[in-house]
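Breakdown of the fold
Below are the chains, spelled out letter by letter.
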Amino acid sequence: MAVRQIRILPDPALRRKAKRVSDIDKSIQGLVDDMVETMQVAPGVGLAANQVGVGLRIIVVQLPDEDVVVLINPEGVKRGGERLCEEGCLSVPGYQGELKRSVWVKVKGLNRHGKEVRLRGEKLLAQVLEHEIDHLDGILYVDRLENRDKLAP
Ligand code: ZN
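To start, this report covers the structure provided alongside it. Keep in mind that this is a model prediction, so the values were computed, not measured.

Turning our eyes to something else, we now look at the coordination of the zinc ion. Taken together, Cys89 (SG), His131 (NE2) and His135 (NE2) make up the protein donors of the zinc ion, found 2.0 to 2.2 Å from the metal. Sequence positions of the donors to the zinc ion reduce to the motif C-x41-H-x3-H. Of the two residues, Cys89 sits in the loop between strand S4 (83-87) and strand S5 (97-101) while His135 sits in helix H2 (residues 124-136), which places them 46 residues apart along the sequence. Residue His135 is classed as buried on the basis of its relative accessible area of 1%.

Looking at where Asn50 falls in the secondary structure, it is placed in the loop between strand S1 (46-48) and strand S2 (58-61). Assessed through its relative accessible area of 1%, Asn50 is described here as buried. In this view, Asn50 contacts Arg7, Ala13, Leu14, Arg16, His135 and Leu136; residues no more than four positions away in its chain are not counted.

A few words now on the sheet that holds strand S6 (residues 104-110). Spatial ordering of the open sheet is given by S1-S2-S3-S6-S7, a layout of five strands whose pairing is antiparallel. The open sheet has two edge strands, S1 and strand S7 (116-122), and neither has a second partner. Adjacent strand axes in the sheet meet at a mean angle of 35°, parallel and antiparallel pairs treated alike. Where S6 lies against S7, seven bridges are found, and the strand directions are antiparallel. For Gly109, the partnering residue across the bridge sits in S7 and is Val117. Where helix H1 (residues 26-41) meets the sheet, it contacts S1, S2 and strand S3 (69-80), and its direction lies at approximately 40° from that of S2. Across the face of the sheet, H2 comes into contact with S1, S2, S3, S6 and S7 while running at roughly 155° to S2.

Reading the values: rules and limits
- Residues numbered from 1 in each chain as written.
- Predicted model: local features only at pLDDT ≥ 70, side-chain atom pairs only at ≥ 80, totals over all residues.
- Heavy atoms only, no water.
- Donors = N, O, S within 2.8 Å, 3.2 Å for Na, K, Ca; no water.
- Helix = DSSP H or I, 4+ residues; strand = E, 2+ residues; numbered from the N terminus.
- Buried < 20%, exposed > 50% of the residue type's maximum accessible area, 1.4 Å probe, protein only.
- Contact = heavy atoms within 4.5 Å.
- Pairing = 2+ DSSP bridges.
- Axes fitted to C-alpha atoms, helices over the stretch in contact; angles between N-to-C directions.

Put into structure tokens, the structure is as follows:
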């Protein structure tokens, strides 16, 4: 396992739409291990593969005192509600802003063994899942701010 360098805005890797993973081979397993370690060392609650410069649809999420969630080719299935969130991003260090996120989301994807998993997240977990899946489409939270003037260090 190794800590990889996190790409910082305006790195173009953050704006590219990531491609689906077709084969969960050894290199993908290594990438997932590195992403988990990179997220934990940062520390952060989530990381998308393009944040370490790899244009593949993989996210890792870990809320405080919870297990690591690995989702390969994650997709939002359903979402509901709306709430105002404070948010930051490892690729936009030192800043926070306010935006609206869903109260709950249902997502599906593959786990690291290639098995389909479905996950329902509320509040912070929903927020992180939406944030990380956005990354895979080249979208950053700063694109969704309620009021750009409120982006604050
Ligand atoms: Zn982020």
